[in-house]
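# Architecture and fold: a report
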Amino acid sequence: MGVLDSKIPSGPLAEKWTKHKNDINLVNPANKRNIDVIVVGTGLAGGSAAATLAELGYNVKTFCYQDSPRRAHSIAAQGGINAAKNYQGDGDSPYRLFYDTIKGGDYRSREANVYRLAEESANIIDQCVAQGVPFAREYGGLLDNRSFGGVLVSRTFYAKGQTGQQLLLGAYAAMNRQINRGKIKSYTRHEMMDLVLVDGKARGIIARNLVTGEIERHSAHAVVLATGGYGNVFFLSTNAMGSNVMAAWRAHRRGAFFANPCFTQIHPTCIPVSGEHQSKLTLMSESLRNDGRIWVPKKKEDAIAIREGRLKPTQLAEEDRDYYLERRYPAFGNLVPRDVASRAAKERCDAGFGVNKTGEAVYLDFAAAIQRYGKEKALTSGIKNPDAATITKLGEEVVEAKYGNLFQMYEKIVDENPYKTPMMIYPAVHYTMGGLWVDYNLQTTIPGCYAAGEANFSDHGANRLGASALMQGLADGYFVLPYTIGDYLSNDIRTGAIPTDLPEFEATEKAVRERLEKLKAGSGQNSVDYYHKKLGKIMWNKCGMARNEQGLKEAIEEISALRKDFWENVRIPGEINAKNAELEKAGRVADFLELGELFAKDALERNESCGGHFREEYQTEEGEALRDDENFKYVAAWEYKGEPKDAQLHKEDLVYENIELKTRSYK
Amino acid sequence: MSGLIKSSIARKLVMALSGLFLVVFLTQHFVINFTSVIAPETFNQWSHFMGYNPLVQFVLQPILIAGVVIHFVMGFILEAQNKSARGVSYVKYNGGANASWMSRNMIYTGLVVLAFLGLHFYDFWVHEMAYKYVEVKAEDPTRYHAETVEKFAPIWRTLLYVVSFVLLSLHLWHGFASSFQSMGVNNKYSPVIQKIAKIFAVVIPLGFAFIAIYHHLNPITH
Amino acid sequence: MKLFLKIWRQKDASTKGQMVDYTLDGVEGDMSFLEMLDILNEDLINKGEEPVEFDHDCREGICGTCSLQINGEPHGPDRLVTTCQLHMRKFNDGDTIVIEPFRAKAFPVIKDLIVDRSSFDRIQQAGGYISVNTSGNTVDANAIPIEKHAADSAMDSATCIGCGACVAACKNASAMLFTSAKVSQFAQLPQGRVEATDRVMNMVRQMDLEGFGNCTNTGACEVECPKGISLENIARMNREYLAASVKG
């Protein structure tokens with residue numbers, strides 16, 4: 001077991017969570033009033049955790065870098081949230097959701113955590129409906145479901161294409177209620193700069209007020225990090241511009257192990273990059289794959305003609321199109337999991353069949369769906385012998401009702417009408433399964449420091465299924481962390497408030513100030529973005545959808561050199577003691593420059609292909625991922641030892657008692 | 001209930017209700033005035049009734065004046081609050097891109113209408129008051145038509161009236177329809193209500209203008 | 001294309017600001033408005049000047065962080081988009097673009113184009129929630145059927161992103177559309193009816209306290225709202241408020 005104790009409760013899988021809740025220590029309501037908790041990040045996990053902790057009676061302080069908790073990037077999740085409600089009667093159950101999640105994650109997640117997630121999923125829907133989240137409903141007034149990639153049941157609840165927004169506003173509303181009661185003190189436009197440890201326990205943070213530049217000390221009995229993922233290490237991703245790894249990385253440097261950093265999800269359906277100026281990528285919901293068919297031209301000369309603008313995709317005959325997902329994976333077709341769909345797109349584009357100017361795009365075509373829906377609609381509307389134009393018109397109406405907002409977004413960005421010409425899509429970095437290592441209680445390897453949501457590593461293994469991120473964030477925040485943290489806090493009922501004038505606070509604040517001054521002291525040759533873009537290129541080319549030993553080794557060296565260059569030559573205008581966007585970015589990029597190196601090291605060390613981690617050396621003859629359960633059925637948890645490449649590996653062996661390990665097949 | 005007086009929504013409601021009241025008044029005023037064109041006898045009769053009926057004079061007239069005062073005073077208060085709510089003004093503000101000229105300039109159209117009311121009071125109300133209470137002349141149920149027609153003999157007055165009616169129309173164009181929104185009426189009937197309100201906003205001022213021009217063009221020859 | 005930019009620069013809340021002219025070359029139609037500003041900033045940084053600060057985050061039109069009054073309109077001339085989704089193809093070579101922060105007394109400027117919209121948060125804190133504890137045993141989500149029309153309409157109200165364009169567009173700097181969207185969402189759901197009276201009274205009181213202007217039904221907010229929130233919401237809030245005043 002080594003130094004890692006996952007604290008998974010004993011007993012049968014289905015009873016572990018209930019048993020654990022019965023066994024752990026509680027804090028009585030009067031004592032909760034004497035205990036402070038800091039929550040960093042106010043997305044689904046942080047917002048829901050803060051609200052629930054405050055309801056329970058703890059004094060909560062929340063921190064977010066945005067101008068309002070409501071703007072956390074959970075808001076951008078489009079498609080939906082999974083829950084094993086079995087409202088559709090299609091045989092769904094917590095076990096099936098658990099099974100799909102483990103399989104989708106390519107057998108690299110913890111059974112007990114995932115089962116707990118599946119168990120709590122149904123509660124989330126009940127809770128959110130009670131909060132007034134307006135989920136889509138059927139005409140009978142009951143909740144509607146849709147299906148998502150990698151599963152065979154309909155268990156996804158949704159609110160148009162804005163499910164994340166509605167769930168986040170629900171959590172934000174729950175927070176607001178507690179702010180109004182004085183139980184939460186919300187610090188917006190504040191960034192956590194470091195974690196403060198007292199006697200080895202997390203006892204507070206150093207934060208920077210982003211408006212005034214002031215460095216502040218905040219103490220608490222426990223610190224919850226719900227700061228999201230680190231996809232922005234790639235510069236271009238679907239993450240928000242401000243999404244960063246700073247809080248998690250600062251905790252890592254203070255002793256929290258970082259797990260599976262190389263497990264990154266590349267989402268298959270994003271709008272392709274249009275040029276060098278691009279600052280961010282936009283996702284098109286995976287739900288589009290329910291109706292869209294993905295293809296590239298069969299012949300290379302057609303692809304070239306399309307790229308050069310001599311040929312339109314609509315002119316290409318059916319037999320000249322290669323519906324490669326349907327060809328390779330007949331059972332799941334266009335609904336294969338994200339990692340599989342992304343790699344297949346890259347394979348076709350690398351082979352020279354890409355369809356946009358840069359050769360890095362494939363088609364997502366709704367023509368067939370429009371015809372199918374059009375005919376159906378004509379029948380149900382009692383139109384006999386409809387002509388082609390009527391069918392197309394009716395079909396477009398149906399598609400608009402389902403995906404109208406996404407189509408509109410596409411048209412605004414690309415300036416092409418996706419009803420008339422197929423959408424172009426390409427994979428983009430979207431989600432990071434890796435994160436801070438946590439035990440069953442969501443506690444990191446630092447006592448009193450917890451991680452929830454995308455910031456931890458626990459539930460998605462090597463690949464996350466669609467509509468599961470929202471589920472995990474809310475399960476952690478509403479139903480898991482507020483209870484498990486009590487077990488730890490029960491030891492603190494006599495501690496009293498933590499003073500912020502302890503030497504540990506002093507020292508950490510000093511370190512933060514010195515780091516800011518060091519950043520400002522750069523020679524001033526290049527902007528922060530210059531380095532971020534360079535890092536992104538290294539990451540995308542060498543640690544992206546396909547990785548190999550040589551590339552990863554180069555990446556480690558290149559990132560290390562880039563980091564050195566950054567600290568010597570970065571240019572940050574403005575002042576430290578004022579609003580300074582460049583300084584904010586610089587601090588974040590500095591941490592990405594360390595994380596990137598660990599990322600590459602982790603990918604290099606994992607000599608297998610699994611989920612989102614694809615090593616070119618480890619593939620089947622058909623180009624499918626080749627997992628190595630004998631040697632790599634573990635969580636790689638890295639301990640900080642100075643330079644990222646010197647990090648020390650600790651392995652948490654993954655034990656499968658309820659699921660038989662199989663090769664994932666979606667054929 | 002105190003919230004109803006202090007809040008922004010209550011102030012909107014006060015504007016809407018007083019405005020609607022003035023619309024009702026405008027309607028009856030128009031009906032009576034129009035008889036001056038088609039039936040001078042009736043006009044005289046009705047005018048006399050309005051001028052000497054105690055209920056009209058001592059109950060309805062003060063209510064009307066209160067309605068006018070409330071509408072204007074509240075309008076000024078709102079305008080002052082709204083101006084200060086912006087804080088620093090925009091260097092470039094393209095109001096025409098998203099809202100009608102009428103809706104953005106209620107204060108100006110309203111001010112013109114207010115100024116017109118001054119003239120109108122001077123022309124008719126002050127004259128009536130003087131006739132009845134200062135000079136204490138005898139009741140004469142036949143004088144109204146001739147007096148009215150005579151007022152429109154000068155072209156400047158007729159023109160002033162017509163211009164004022166145009167601005168009244170612009171004021172009503174937004175104000176009448178908008179009062180329903182303020183009272184919370186926004187449903188499937190709203191498009192019809194809006195249309196009726198807009199027709200009213202054009203037809204009634206047009207009618208008033210017609211009356212003024214008609215009398216200007218048709219002086220009484222003795 | 002080449003653009004002439006007039007941008008509001010202001011060091012901090014207590015310093016006076018002014019418009020500053022910039023000329024920017026090499027702008028492409030595929031760029032978003034914010035990517036155009038990124039290029040300007042890269043230029044400024046390389047020249048050793050302080051970049052223009054503006055609020056932005058998701059850059060996909062949903063977080064509501066980006067603001068900017070562009071040529072006299074919030075989020076610029078295009079409809080149903082936020083500034084981050086406004087693309088430069090909507091402008092022509094040689095255009096002059098005036099860029100200002102959203103203006104309202106309740107949105108004080110923090111720096112350059114960044115304003116403080118925490119007044120919106122305080123309105124929500126005053127009552128924009130349903131008082132339900134996290135318990136894991138609230139009633140089953142399907143226990144109360146909700147008519148599809150009502151659920152869809154509540155969803156339409158709920159899509160507000162809290163960007164403040166309604167306030168910026170309104171000649172009165174009124175926050176009625178924002179406040180009414182939340183009141184409406186809950187007013188249309190059975191779960192929200194329970195506290196409907198207190199909610200509308202408290203939220204409107206807070207809205208007035210923050211110093212927003214009064215609604216005069218110009219409809220500018222509806223036109224400029226990037227999410228198409230309808231004036232119907234304001235009418236509904238008016239009704240809710242009047243009913244609540246009579247009751248309370």
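What you see is a predicted model, and the numbers here were worked out from it, not measured in a lab.

## Things to note about the overall build of chain B
A count of helices and strands for chain B gives 9 helices and 0 strands. Listed N to C, the secondary structure of chain B is α-α-α-α-α-α-α-α-α in terms of helices and strands. Projected onto its principal axes, the C-alpha positions of chain B cover 60 × 40 × 35 Å. The buried share of chain B, reckoned over its 222 residues, is 27%. Contacts in chain B between residues at least 24 apart in sequence constitute 86% of all its contacts with a sequence separation of at least 6.

## Thoughts on the interface of chain A and chain C
Listed per partner, the contact involves 66 residues of chain A and 67 residues of chain C. Broken down by secondary-structure element, the contributors of at least two residues to the side of chain A that touches chain C are helix H3 (44-56), helix H5 (111-130), helix H6 (163-180), helix H12 (388-414), helix H13 (469-489) and helix H17 (581-605) of chain A. Examining the composition of the side of chain A that touches chain C, we find that 9 residues originate from one element, H6 of chain A, more than from any other. When its residues are assigned to classes, the side of chain A that touches chain C shows 26 nonpolar, 24 polar and 16 charged.

## Considerations on the packing of helix H4 (residues 94-104) of chain A against H5 of chain A
Residue and element names in this part refer to chain A. Remark: H4 packs on H5, axes separated minimally by 8 Å, with the N-to-C direction vectors making an angle of 135°. Taken together, H4 and H5 sit at an angle that is classed as oblique. In the crossing of H4 with H5, the sense of the turn from one axis to the other is right-handed. Facing Pro94, Leu97, Phe98, Thr101 and Ile102 of H4, the residues of H5 in contact are Glu111, Val114, Tyr115, Ala118, Glu119 and Ser121. Looking at side-chain class alone, the contact of H4 with H5 contains 7 nonpolar, 2 polar and 2 charged residues.

## Brief notes about the nonpolar core
Most often, soluble globular proteins have nonpolar side chains that are buried together. With 302 residues, the main nonpolar core has Val40, Val223, Val224, Leu225, Val362 and Leu436 of chain A together with Val167 of chain C as its most contacted residues. Among all residues touching valine 40 of chain A, those that are not within four sequence positions of it are Gly46, Phe63, Met192, Ile205, Val223, Val224, Leu225, Ala226, Thr227 and Ala247 of chain A. In this structure, Ala177, Ile204, Phe208 and Ala212 of chain B belong to the second largest nonpolar core, which totals 18 residues.

## Overview of unusual backbone geometry
All names here are of chain A. The phi torsion at tyrosine 107 lies on the positive side, around 60°, for a residue other than glycine. For tyrosine 107, the location among the structural elements is in the loop between H4 and H5. Positioned with a positive phi, aspartate 199 is a non-glycine residue whose angle comes to about 50°.

## What about the domain arrangement of chain C?
Residue and element names in this part refer to chain C. The domain architecture assigned to chain C consists of domain 1 (3-110) and domain 2 (118-247). Between domain 1 and domain 2, the C-alpha centre-to-centre distance is 29 Å. Contacts between the two partners involve 18 residues from domain 1, matched on the other side by 16 residues from domain 2. In terms of residue class, the side of domain 1 that touches domain 2 is made up of 9 nonpolar, 6 polar and 3 charged.

## Quick look at the sheet that holds strand E12 (residues 293-297) of chain A
All names here are of chain A. Strand order in the open sheet made by the 5 strands is E11-E15-E14-E12-E13, with antiparallel pairing throughout. The open sheet has two edge strands with one neighbour each: strand E11 (264-270) and strand E13 (321-322). Across 2 bridges, the pairing between E12 and E13 is antiparallel. Paired with valine 296 across the bridge in E13 is aspartate 322. Set on the sheet, helix H10 (residues 338-353) makes contact with E11, E12, strand E14 (362-365) and strand E15 (423-432); between it and E11 the angle comes to about 65°.

## Brief notes about the sheet that holds strand E7 (residues 201-209) of chain A
All names here are of chain A. Pairing in this open sheet of 3 strands is antiparallel, and the strands run E6-E7-E8 from one edge to the other. The two strands at the open ends of the sheet, each matched to only one other strand, are strand E6 (190-198) and strand E8 (215-219). Adjacent strand axes in the sheet meet at a mean angle of 25°, parallel and antiparallel pairs treated alike. Alignment of E7 against E8, held across 5 bridges, turns out to be antiparallel. Bridge pairing links isoleucine 205 to histidine 218 in E8. Relative to the sheet, helix H14 (residues 503-520) contacts E6, E7 and E8, its axis offset from that of E6 by approximately 140°.

## Focus: the interface of chain C and chain B
Buried accessible area, meaning the area lost when the parts come together, often serves as the stated size of an interface. On the chain B side, the residues contacting the 40 residues of chain C number 37 residues. No other element matches helix H9 (residues 232-247) of chain C, which puts 9 residues into the side of chain C that touches chain B. Across the side of chain C that touches chain B, the residue classes break down as 16 nonpolar, 13 polar and 11 charged.

## Topic: the packing of helix H5 (residues 176-187) of chain C against helix H7 (residues 196-209) of chain C
All names here are of chain C. Across the interface, H5 lies against H7 with an axial gap of 10 Å and an inter-helix angle of 175°. Classed by the angle they form, the pair H5 and H7 counts as roughly antiparallel. Of the residues in H7, those in contact with Thr179, Lys182, Val183, Phe186 and Ala187 of H5 are Ala196, Arg199, Val200, Met203, Val204 and Met207. Broken down by class, the residue content of the contact of H5 with H7 amounts to 8 nonpolar, 1 polar and 2 charged.

Criteria and thresholds
Residues numbered from 1 in each chain as written. Chains lettered and ligands numbered in written order. Predicted model: local features only at pLDDT ≥ 70, side-chain atom pairs only at ≥ 80, totals over all residues. Helix = DSSP H or I, 4+ residues; strand = E, 2+ residues; numbered from the N terminus. Buried ≥ 20, exposed ≤ 12 C-beta atoms within 10 Å, placed from the backbone. Contact = placed C-beta atoms within 7 Å. Nonpolar A, V, L, I, M, F, W, Y, C, P; charged D, E, K, R; others polar. Axes fitted to C-alpha atoms, helices over the stretch in contact; angles between N-to-C directions. Parallel < 35°, antiparallel > 145°, perpendicular 65-115°, else oblique. Left-handed = near helix turned anticlockwise from the far one by under 90°. Core = buried A, V, L, I, M, F, W, Y, C linked by C-beta atoms within 7 Å. Domains from an automatic or database assignment. Pairing = 2+ DSSP bridges.

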